[in-house]
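# Report on the structure
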Amino acid sequence: MGILGRFYRKPWKVGVDAEVDEELAFHLEMRTREFVANGLSHDAARREAERRLGNQRTLRTTLAAMGARRDRHLQRTQYMSEFWQDVTFTARQFWKNPGFAAIAILTLALGIGGTTAIFSALYAVVLRPLPLREPDRLFAVGETNPAVLSPMSVGIYVDAEAGTDVFDGLAALQYANYNLADSATPERVIGAKVTANYFDVMGTAPLVGRVFTPSEDQPGADRVAVISNRLWQRRFGGAPLVGREIRLNATGYTVLGIMPASFDLTNGTEELWTPIAFTPERRRMHDEHYLSVYGRLKHGVTPQRAMAQLDAVAARVSRDFASELVATGVKFSMMPFHQQFVGDYRARLFLLMAAVAVVLLIACVNVANLLLARGSARAREIAIRTAIGAGRWRIVRQLLTESVVLGIVAAGAGVLLAYAMVRGVVAWSPPDIPRLEQARVDPLALGFAAFAAIASSILCGIAPALRIAREVQGGLNAIHGGRRGTTGGGRRDRLRAGLITAEVALAIVLLTGAGLLIRSAIALQRVDPGFDPVGVFTARFTLPEQTYADPVREAEMLRRFGEAAQQLPGVTAAAVSSYAAMGSGGGTNGLIPEGADGHDRSHFIQSILRVTTADFFPAMRTPILKGRTFTDVDRATGQRVMIINQTLAARAFPGQDPLGKRIACCEATADGGPAWKIVIGVAGDIRSRGPAVPADPEFYLPWTQVPKDAWNWFRTFYIIARTDGEPARLLSPLRQALARIDPDIALFDVRTMDQRLSGSLATARFNTLLLAMLGGIGLVLAASGIYGVVSYLVSQRTQEIGVRMALGATTTSVVGLILRQSLKPVSLGAALGLLAAVAATRLLAAQLVDVYGVSRTDPLTIALVAATLIAVALVASAVPAKRAAAIDPTTALAAE
Amino acid sequence: MDLLHGTLDTLILKTLAAGRRHGYGIAKAIEDSTEAVVAIEEGSLYPALYRLERKELIEAEWGISELGRRAKFYRITPRGRKALAAQTAEWARFSAALSRLLQTDG
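Numbering of residues begins from 1 in every chain and follows the order in which that chain's sequence is written. A letter from A marks each chain and a number from 1 marks each ligand, given out in the order of writing. Reporting in this predicted model follows two pLDDT cut-offs: at least 70 for local features of residues, and 80 or more for side-chain atom pairs to be given and counted; totals over whole chains, interfaces and linings ignore these cut-offs and use all residues. Derived side-chain values reflect all non-hydrogen atoms in the structure, with water molecules and hydrogen atoms excluded from consideration.

### Side note on helix 4 (residues 78–103) of chain B
Because each turn of an α-helix spans 3.6 residues, side chains separated by three or four positions end up pointing in the same direction. Residues and elements named next belong to chain B. Between the first and last C-alpha of helix 4 there are 37 Å, a value that for 26 residues agrees with the 38 Å anticipated at 1.5 Å per step. Burial classification: accessible surface area is computed with a 1.4 Å probe over protein chains only, and a residue below 20% of its type maximum counts as buried, one above 50% as exposed, and the rest as partly exposed. Only DSSP runs of H or I reaching four residues or more are called helices, and only runs of E reaching two or more are called strands; each is numbered from the N terminus. When we look at burial in helix 4, the residues that qualify are G80, A83 and L84. Residue contacts follow a heavy-atom distance rule, with two residues in contact if any of their heavy atoms lie within 4.5 Å. Each element contacted by the buried residues of helix 4 is listed here: helix 1 (7–17) and strand 3 (70–76). Expected helix span is taken as 1.5 Å per residue step, with the number of steps being one fewer than the number of residues.

Pasting the structure below:
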């Protein structure tokens, strides 16, 4: 009965209700028989038996419920115990094959670690919500120029604020530098002048104290400041400060409040705020565009509706101020604040994420291949398990458990790797990526790693597991046949070939991306920025409004500093400029060329203004292509002159000689008419925003003829000095020269022009470097995967090769045979990879922000990548092929 | 005599320790070995069996009964034997204590 009992095990197979019925029926039957034997009639016996059992209906219900619970519990326990068996079995297997386990775990760890690290960066920079109230409602609002969001003028801001009701406030901000000289050591602090509603619009509130009231946002009442948490901690050690006075630009400001640390959105954001306090005159100025404007949409208002209202304001402003203003044809645009805040880094990081995900996929394919190879080695063991009753699902589960255990161990290693990589990325990345410094492997990233581990282990485990289980089930011949399970062998080879194809295709996609960026970097190296960056020293300094209120005094100071710099030993040319290439600052003005209709927007050219001394051009080695540079003739009282760059010349006077032509800009004459300036020279284009960005229209004015209002546009200037020697050595003589003119002014942002130029490329270069590294990793993984597969295939064909050699095949023909076999999946993978790469570059067109100067389907890149991969694949196949050809035929034949 | 709380489980385990039995056989064995001093409340026997099964102290299987038809048999598991030993020891302590109490004078 013991044997029989075995077959009837697992009572839950019967169904709980049937089980209960049958059991109770049996019980009643036995009791009845007992009582009959004791002398009762059958009916009486039956009644007595039923009485002793009690209420049968209740009992049945109770037992059915208990039985169901019992079955669930037992199934779970069985599942867990099988799982645990699988895990311990796996651990023993790995212990016995440490080489296999180490390679698989390292491969996966590389992929998981990489994806986790990039995810951490992506989360910190892009995905993490801004610490502001309802950040989705916050928009940057600007003028359209012509397609990008650009700063607004005060007049237009005032009109837009008055003319809209879709915003819970429209706030304006103007960046400003402050000399904070509260104690012995003065410090330059980046701050901003803001409207009273700025903090409310941004959706933040002070940690201590309060922010400005509208009455403090008035000229004369504006000597109040709000400071950031960072500045408070760094400079004041967190000591009580509200109500105290600090000295900014040599003037006392009362501290009203301190913002929370969360409002230090990045390490580079402004550290203190003062009221912007527009004067009535400023409120009427429509042609000085320097305000960053932010709007908080009212609840339920769509950006479209807000835009419609802004368009109406734009139309009205354009009409009302058409007669007196250059800035005709005003247009607005809006952009979610988050988008403006994150900028191109969103695209760059998503691209990196995609690349690193491809690396993870290649790693998965490699591990799948390893698992498959192990599966063949274990065919006997699995066949035995099947023979003793393990179902197919049970086998698949056990094999999957193995890959999941692999994945989890790899995730552990990957997380350690991710810690290191995040540190590396934060340390070596260019400094201007917002919030990157906040990237860390946090619980969310750990969750991501766990997800990546499980997903990738199932991905790499499922195909081999299904295949192995089916094979073993298909015929238990492996148990008899020894080494080679012939059934499904061909199919398995197809799976292997498929893995090679996938690997090659993925690696091609990855390398194409890396190749495009590398080609772009090379193209950028060749771009002429329009100046010679070698040997040029640059630095900035700020003239405080309070001490330099008089334009004459200011112009005189700048002239003197320029001349002093010029006379320093080793300096060949020096200039003071309002704006330098690759620097921050600089504003645009609307220019109307002579002969154009000043009221028609299409004739209105937004151009970057640069106010310079005469030696700017020799200092930068930017050529004057036509005409002359500024001289002493260009006096304050003389004829107004300007120099324009090539781009502006082509835009303003296409096909004509611009010299002697007139352009109106920047100010109005006393009677309200256009202030004409004569073009005296045409300068070569300078790529001011980096080599990748074509030159904007730019124009130059001499310091002696700065429009009266312009002194409000900038307070910070560049000193530019060219030397034959080492430019960095100019710092201390320049500091001394500046101190002799005004000891209170400090040089900051000291960098050579070379540094500025490479700084403008730093992010792109960093991205290129990362992608090239990922491409390299992908290539190595793909090569090792191909090598593994081909080695396996060769080992399977040892006998066949032996026979061929015995029949007179040459080494060359054997190598050729193996190479042809591997070349098929490789070339298929290359073809698929190229298609995928073209599709991916199309799809990712918007993310490929760093591709410059090459087509996104650059034939050279694609051809090089394909050739590289095929070459690598051939080498990876040739090594085992050579080995195959070295086989001694007799040994090979004797093997069976 | 009524069974003390929890004693039924111990008795079931004790009975099954001798070998596998079906539900009726367990009831009968308990009655026989206690000379019917202990009458099994049959309404609580089967719930106790299901509970013990869930606790994995006993396990069930289908077998052929003395009537020649299919019946559900229970057998004790290693874990059940451990529980039985523990419960037996506990019972011995309890009954010894009780005996001492009842035999003291006064």
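### Remarks on the packing of aromatic side chains
All names here are of chain A. Pairing of aromatic side chains requires ring centres within 6.5 Å, counting the rings of Phe and Tyr and the six-membered ring of Trp. Pairs whose planes differ by under 30 degrees are stacked, by over 60 edge-to-face, and all others tilted. Throughout the structure, instances matching the rule amount to 19 aromatic pairs over all chains. A centroid spacing of 5.5 Å and a plane angle of 40° characterise the contact between F263 and W273, whose relative ring orientation is tilted. Note that F263 is positioned in the loop between strand 9 (251–258) and strand 10 (272–275) and W273 in strand 10, a separation of 10 residues in sequence. Across the pair, exposure class does not vary: F263 and W273 are buried alike. By the ring-pair criterion, three or more aromatic residues cluster together here, those being Y198, F199, F212, F263, W273, Y294, F337 and F341. Our definition puts a charge over a ring when NZ of Lys or CZ of Arg is within 6 Å of the ring centre and also within 35 degrees of the ring normal. Seen from the ring of W676, R662 lies directly overhead, with NZ or CZ sitting 4.6 Å from the centre.

### Here we look at the side chain of A:R296
All names here are of chain A. Within the secondary structure, R296 sits in strand 11 (residues 289–297). The charge count treats Lys and Arg as positive and Asp and Glu as negative. His and the chain ends do not count. When a carboxyl oxygen of Asp or Glu lies within 4 Å of a side-chain nitrogen of Lys or Arg, that pair is called a salt bridge. Buried charge R296 goes without a salt bridge, the closest partner of opposite sign being E134 at 5.0 Å. If we skip the residues at most four places from it in the chain, R296 touches R133, E134, R137, L138, V166, F167, D168, G169, D200, V201, M202 and G203.

### Here's the deal with helix 21 (residues 731–741) of chain A
Among the residues of helix 21 of chain A, those classed as buried are A:L734, A:A737, A:L738 and A:I741. One side of helix 21 of chain A carries all its buried residues, which in axial view fall inside an arc of 95°. What the arc measures is the spread of directions leading from the helix axis to the C-beta atoms.

### Focus on the nonpolar core
Residues and elements named next belong to chain A. Nonpolar cores were defined as sets of buried Ala, Val, Leu, Ile, Met, Phe, Trp, Tyr and Cys residues, with membership established by side-chain atoms within 4.5 Å. Within the largest apolar cluster, 122 residues are counted, with the highest numbers of intra-cluster contacts made by Y198, F199, F212, W273, Y294 and F337. Looking at which element gives the most residues to this core, the answer is helix 12 (residues 345–377), with 18 residues. Beyond its immediate stretch of four places on either side in the chain, F199 contacts V194, T204, V211, F212, V226, M259, F263 and W273. Of all hydrophobic cores here, the second largest spans 45 residues; its members include F537, F561, A649 and F699.

### Quick look at the interface of chain B and chain A
Interface size is commonly expressed as the accessible surface area that is lost when the partners come together. With 30 residues of chain B at the interface, the matching set in chain A holds 31 residues. Throughout, buried area stands for the accessible area (probe radius 1.4 Å) lost by two parts on being put together, summed over both. Here chain B meets chain A over a buried area of about 3200 Å², counting both sides, of which 60% is carbon and sulfur. At the surface where chain B touches chain A, the tally comes to 10 salt bridges. A salt bridge links A:E19 to B:K72, with the nearest nitrogen and oxygen atoms 2.2 Å apart. N or O atoms within 3.5 Å of each other form a polar contact, as long as, within protein, one can give a hydrogen and the other can take it, and as long as residues adjacent in sequence are counted only when both atoms are side-chain atoms. Across the chain B-chain A interface, the total number found is 16 residue pairs in polar contact (both at pLDDT 80 or more). Mapped by element, the contributors of at least two residues to the side of chain B that touches chain A are helix 2 (23–33), helix 3 (42–54), strand 2 (58–64) and strand 3 of chain B. Residue contributions to the side of chain B that touches chain A peak at eight residues, all from helix 3 of chain B. Nonpolar residues are Ala, Val, Leu, Ile, Met, Phe, Trp, Tyr, Cys and Pro. Charged residues are Asp, Glu, Lys and Arg, and all others, Gly as well, are polar. Residues belonging to the side of chain B that touches chain A are distributed by class as follows: 11 nonpolar, five polar and 14 charged.

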